[in-house]
Amino acid sequence: MPDLSRIELRQGDITRLSVDAIVNAANSSLLGGGGVDGAIHRAAGPELLAECRTLGGCPAGEARITRGYRLPARYVIHTVGPVYSDGQSGEPELLRSCYVNSLTLAVEQGVRTIAFPAISCGVYGYPMQDAARIALGTTAGFLATSPSIEKVIFVQFGHEAQQVYERLLKDMRSGI
Ligand code: ADP
């Protein structure tokens, strides 16, 4: 049974959260970019980029972990979402892998609280509704067999995105 009980939603800036790990919607170079990636690098300081340089990039669907440096979060988990084209080119599977691989790394590092942005929903163009369904469904499935994670927070930058997540979670909680 998928477990929605440890999922929370929040609107705001993910870089401000005091959780064990925040997830970065990175690009495959892991060398920084715009959107949430840029915000995370700015808030963490140049040491984050220095550690990222040692990692040699990351393919779409996979994840890598670094320290959080000047962030309140202890770790940053960098995952590379798919660039959306038509939804029939492996994007759903890749997006699912981002959540599973990020959560797997979190469990391996003893992370108990973790926050995700809406991976691929900015520059990469994934439709928010479809992406949110994958994010919530995949995470709820993962949590069903992962008791060590206490809380997963989905952080939305904007009010509309927040409403999409809220509606979906409500429907999932009432079994729709
Ligand atoms: P991608 O390249 O994977 O599409 P983006 O960074 O362009 O990644 O966007 C991913 C999502 O993160 C978007 O919904 C965007 O609104 C959101 N976002 C941007 N900055 C922040 C932030 N500081 N905190 C939380 N979410 C953010």
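First, a word on scope: everything that follows refers to the structure included in this document.

## Notes on helix α1 (residues 35–44)
Because an α-helix completes one turn every 3.6 residues, residues spaced three or four positions apart along the sequence face the same direction. All of the buried residues in α1 are D37, G38, A39, I40, H41 and A44. On its buried face, α1 sits against β2 (21–26), α2 (46–53) and β4 (75–80). With its phi angle positive at about 90°, G45 sits one or two positions after the end of α1.

## A look at the site of the ligand
Near the ligand there are 14 residues, and of these D13, V36, S120, G122 and V123 occur at the shortest range. Within the contact set of the ligand, an oxygen atom lies 3.0 Å away from a backbone nitrogen or oxygen of Y124. Against a free-state accessible area of 570 Å², the protein chains account for coverage of 88% of the ligand. Judged by its atoms lying within 2 Å of the grid points, the ligand is housed in the largest pocket. The leading source of residues in the shell around the ligand is α1, at 3 residues. Partitioning the shell around the ligand into residue classes produces 9 nonpolar, 4 polar and 1 charged.

## Description of the pattern of salt bridges
Going through the model one piece at a time under the given rule, you end up with 5 salt bridges. A salt bridge links R64 to E62, with the shortest nitrogen-to-oxygen separation between them at 3.1 Å. What makes R64 partly exposed here is its relative accessible area of 24%. The residue E150 makes a salt bridge to R112 at a minimum N-O spacing of 3.3 Å. Taken as a pair, E150 in the loop between α4 (128–143) and β6 (151–156) and R112 in the loop between α3 (91–108) and β5 (113–116) lie far apart in primary sequence, 38 residues in all.

## Here's the deal with the sheet that holds strand β1 (residues 7–11)
Taken in spatial order, the 6 strands make up an open sheet running β1-β6-β5-β2-β4-β3, and their pairing is mixed. Strands at the two margins of the open sheet, each flanked by one partner only, are β1 and β3 (63–67). Looking at each pair of strands side by side, their axes are set apart by 25° on average, direction ignored. By the bridge criterion, 4 bridges tie β5 to β6 in an arrangement that is parallel.

## Concerning the side chain of T66
With respect to the helices, strands and loops of the structure, T66 is situated in strand β3. On the basis of relative accessibility, which here comes to 2%, the residue T66 falls in the buried class. A distance of 2.9 Å separates a polar atom in the side chain of T66 from a polar atom in the side chain of H78. The residues contacting T66, other than those within four sequence positions of it, are L48, E51, C52, L55, R74, Y75, V76 and H78.

## Some words on the environment of T54
Note on placement: T54 falls in the loop between α2 and β3. Sequence separation between T54 and L30 is 24 residues; the distance between their C-alpha atoms is 9.7 Å. Here the side chain of T54 touches E51 through a polar contact of 2.5 Å, landing on its backbone oxygen.

## Overview of the environment of L136
Mapped onto the fold, L136 is located in helix α4. Once the C-alpha coordinates of L136 and Y99 are considered, the two residues, 37 residues apart in sequence, prove to be 9.3 Å apart. With sequence-adjacent residues up to four places away left out, L136 is seen in contact with I7, F154, Y165, L168, L169 and M172.

## Re the nonpolar core
Membership of the largest hydrophobic core comes to 37 residues, with the highest contact counts inside it found for I77, I114, F116, F154 and Y165. A per-element tally of this core places α4 first, with 8 residues. Leaving out residues up to four positions away in the same chain, Y165 has contacts with L9, Y99, A118, M128, A132, A135, L136, F154 and Q156.

Rules and cut-offs
Residues numbered from 1 in each chain as written. Predicted model: local features only at pLDDT ≥ 70, side-chain atom pairs only at ≥ 80, totals over all residues. Heavy atoms only, no water. Buried < 20%, exposed > 50% of the residue type's maximum accessible area, 1.4 Å probe, protein only. Helix = DSSP H or I, 4+ residues; strand = E, 2+ residues; numbered from the N terminus. Contact = heavy atoms within 4.5 Å. Near = heavy atom within 4 Å. Polar contact = N/O pair within 3.5 Å; in protein donor to acceptor, adjacent residues only side chain to side chain. Areas by Shrake-Rupley, 256 points an atom, 1.4 Å probe, with all protein chains shown as cover. 1 Å grid on protein atoms, 1.4 Å probe; cavity = no way out; pocket = protein on both sides within 12 Å on 5 of 7 lines; lining within 4 Å. Sits in = over half its atoms within 2 Å of the grid points. Nonpolar A, V, L, I, M, F, W, Y, C, P; charged D, E, K, R; others polar. Salt bridge = Lys/Arg side-chain N within 4 Å of Asp/Glu carboxyl O. Pairing = 2+ DSSP bridges. Axes fitted to C-alpha atoms, helices over the stretch in contact; angles between N-to-C directions. Core = buried A, V, L, I, M, F, W, Y, C linked by side-chain atoms within 4.5 Å.

By themselves, these figures tell us nothing about what the structure is for.
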